[in-house]
Amino acid sequence: MIASVGAGFWKGSWTALSLVVLICASSQSAAAADCPGHPDALGTSRTLVVDPREHARIGTMQYAETLPLDDHEVVLTFDDGPLPKYSNQVLDILASQCVKATFFIIGRQANANPQGVRKLIAAGHTVGTHSQNHPLTFNKMSIEQARQEVDAGIASTVAALGDASKLAPFFRIPGLLRAAAVEDYLASRGIQAWSADFPADDWRHIPPSRVYDLAIQRLEAKGKGILLLHDIQPRTVAALPRILQELKARGYRIVHVVPATPERPATPTDPVQWLLHPPTETVASVRWPKIPNFVFAQAQTLPVPGLSNLDWRDPGLFDRLRRPRAALVAQTAWPGPLRVSENSRPALPVPASSVFRMPEGVRVTLLASRSPANRPDHAANAIGPISARARTVGAPQAAHSRHAAHQNPQAGHAGRGAPKHAVQAKPAVHVAKR
Ligand SMILES: [Zn+2]
C-alpha cells in the first residue's frame, strides 16, 4: 500500500514536472515564433509599465532606486542617436534577437534624421530624450538653460515622430551630470530621470572586445539592471551581437520598459522592488542614497532620507509608508505615564508598619552572633511574642531565613534598604515576618 502510494506520488510529481517543462518549452517556442527566422533569438521576456510620477529618478549609478527588475533581468538603453550609419545596424541586431530597448534621442540628431526616430517607434522600441544639444554642463548651467535644453530636445523628437503620445516621458541627463534643480524640473513635468545601473564605456577609445567584457562583467556583478550603451558608436555595433548571445547563454532575460498611460496602468510593484539589492537580515549596513555630487545650493530644504534608509525588516513599514504623514506622526509611540491598575498590583506584599514596631521589654537576640548561646535554634525562644507569630504564620520561610542569616551575616541587610531604626533588631524582625 505504502509502495503504491509512493509510486503514485512520484508519478504525479513527474507528470507535474513534465507539464512545467512543456510550459517552458512552449513559451520558448512562442518566443521563437515571435522572432521569425531566428529560432535561437534572445527575445523580450516581458514588458514593464512604469509611472514616472511614482518613481522620478532611477538607476543605481546615481540614485537609490532603479527599475523593479527580477534577478537576471536586463533593460537595454542606447543614447545619442539616431545616427543612421550605426543606429540602423543596432536596430538590425536588436531585430535579429527580437529584443526591445529604450533610446534616448538628442534633439539635434532628430532634426537631422527624423526618419531614424520614426524607425525606432516602428520597430516597437521605447523613445525618450537626451536634451537638444547634449551639453556636458547640466550640473553647472542655470535652470533656465537646462529647461531650454530639455524642452527643445522633446520638441525636436516630437516633431520627428509627428505624435507626442509616441514619446515616453523618460529623460537621461547628458554625461549623467545630474543636478537637483534639473531633476526637480523633470519631475514637475512628470518626466522620469533615467540614470543607469552600469555602463560598458563604449564612448571611450577601447576595442569592442573590451565593451563586451565590461558589459558582461558589470552585469554579472549586479545580477540585473539597466545597461547604458550608445547607438552611434562603431565599437557598440561590433560588440552588441556577442553581448546579446552571451546574455542568452547566461540565462538573462530582456525587459522592455514603457510608460504608464490612462489605458495602460503601471505594473504593480512593492517599494522594495525598486531597490537593486534590498538589505537582508544577514547584512548589517546603513545605506545612504548614492548621490555622488551634492547640488543643493538652490534647494529650500534639506533632502529627505531615501527609501533605502528604511529598515525593510520592519513588518509595519509598508503600512506606514502608505499612510499620510499626519497619520504617521500620530502613530509614533512615545512612552506614556505608567499606570498600575488594581488588578495588576505587584505580587510581593508591602511590609506592614507593625513589622517595625517592637513590643515593650522585648529581648532581641542577634542571629548573626557566633556565641553558642545565641544560635538560631535558641533565637525564637528569645524573641518572645514575635516568635509565636513566626511559628504560625511563616515558620518554614522563617527557618530558611534564619539559616541564610546564619550563613552570611551581611545577607540580612546589605542592599535591602531596611530602615535604620530597624537595624538593631533586624535579624529577629526579619525572621518573624517572613
Ligand atoms: Zn549622451
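Residues numbered from 1 in each chain as written. Predicted model: local features only at pLDDT ≥ 70, side-chain atom pairs only at ≥ 80, totals over all residues.

1. Comments concerning the overall build of the chain
Keep this limit in mind: A run of DSSP states H or I qualifies as a helix once it reaches four residues; a run of E qualifies as a strand once it reaches two. Both are numbered from the N-terminal end. Residues are called buried when their C-beta atom has 20 or more other C-beta atoms within 10 Å, exposed when it has 12 or fewer, and partly exposed otherwise; all C-beta atoms are positioned from the backbone.
Regarding its fold elements, the chain presents 14 helices and 10 strands. Classification of the 434 residues of the chain by burial places 32% in the buried group.

2. Brief notes about unusual backbone geometry
In this chain, G81 is followed by P82 through a cis amide linkage whose omega measures 0°. For P82, the location among the structural elements is in the loop between β3 (73-79) and α2 (84-96). A positive phi angle is found at C98, which is not glycine, with a value near 50°. With respect to the element layout, C98 can be found in the loop between α2 and β4 (102-105). The exposure class assigned to C98 is partly exposed, which follows from the 18 C-beta atoms found within 10 Å.

3. What about the packing of helix α5 (residues 143-161) against helix α6 (residues 180-188)?
In plain terms, the rule: To define axes, lines are fitted to C-alpha atoms, for helices over the stretch in contact only, and angles between the resulting N-to-C directions are given on a 0 to 180 degree scale. Our angle categories are set so that under 35 degrees counts as roughly parallel, over 145 as roughly antiparallel, 65 to 115 as roughly perpendicular, and the remainder as oblique. Left-handed is the label given to a crossing in which the near helix is rotated counterclockwise from the far helix by less than a right angle, and right-handed is the label when the rotation is clockwise. Any residue pair is listed as a contact if its two C-beta atoms, each placed from the backbone, are within 7 Å. Just so you know the grouping, Ala, Val, Leu, Ile, Met, Phe, Trp, Tyr, Cys and Pro go in nonpolar, Asp, Glu, Lys and Arg go in charged, and all remaining residues, Gly too, go in polar.
Running from N to C, α5 and α6 cross one another at 45°; their axes reach a closest spacing of 10 Å. Considering the angle they form, α5 stands oblique to α6. Pair α5 / α6 crosses with right-handed handedness. The segment α5 lies against α6, with I143, A146, R147 and V150 engaging A181, V182, Y185 and L186. Looking at the contact of α5 with α6 residue by residue, the classes come out as seven nonpolar, no polar and one charged.

4. Focus: the packing of helix α7 (residues 208-222) against helix α8 (residues 234-249)
Two elements in contact, α7 and α8, have axes whose closest approach is 8 Å; the angle formed by their N-to-C orientations is 40°. Overall, the two elements α7 and α8 adopt an arrangement that is oblique. For the pair α7 and α8, the crossing hand works out as right-handed. Of the residues in α8, those touching α7 at P208, V211, Y212, A215 and I216 are R235, T236, A238, A239, R242, I243 and E246.

5. Things to note about the nonpolar core
For clarity, the cut-off: To define a nonpolar core, we join buried Ala, Val, Leu, Ile, Met, Phe, Trp, Tyr and Cys residues through C-beta atoms within 7 Å and take the resulting set.
Membership of the largest hydrophobic core comes to 67 residues, with the highest contact counts inside it found for V74, V75, L76, A215 and L227. If one sorts the elements of this core by residue count, α8 sits on top with six residues. In contact with V75, other than residues within four places in its own chain, are L67, L69, T102, I226, V255 and V257.

6. Some points on α2
For clarity, the threshold we go by: For a helix, the expected span equals 1.5 Å multiplied by the residue count minus one. Think of it as the arc spanned by the lines of direction from the helix axis to the C-beta atoms.
For α2, which comprises 13 residues, the first-to-last C-alpha distance of 18 Å matches the rise-based estimate of 18 Å (1.5 Å per residue) to within 8%. Along α2, the residues that are buried comprise Y86, S87, V90, L91 and L94. End-on, the buried residues of α2 take up no more than an arc of 140°, which puts them together on one face. Those residues of α2 that are buried lie in contact with β3, α4 (114-122) and α8. Looking one or two residues past α2, C98 carries a phi angle of roughly 50°, positive in sign.

7. Examining the environment of A181
Here A181 lies in helix α6. Taking the C-alpha atoms as reference points, A181 and F138, separated by 43 residues in sequence, lie 9.7 Å from one another.

8. Remarks on the pairing of strand β9 (residues 225-230)
For the record, the criterion: Pairs of strands are assigned from DSSP output, requiring at least two bridges between the strands. Whether a crossover is right-handed depends on one test, that the path from the first strand over the helix to the second runs clockwise when the strands point away from the viewer.
Counting buried positions along β9 gives six out of six residues, so the element sits mostly inside the fold. Relative to β9, β3 runs parallel, the two being bridged by six bridges. Its bridge partner lying in β9, V74 is registered against G225. Where strand β8 (residues 198-199) and β9 come together, two bridges link them in parallel fashion. When the bridges of β9 are listed, P199 appears paired with L228. Of the crossover connections in this fold, the one passing from β8 over α7 to the parallel β9 is right-handed.

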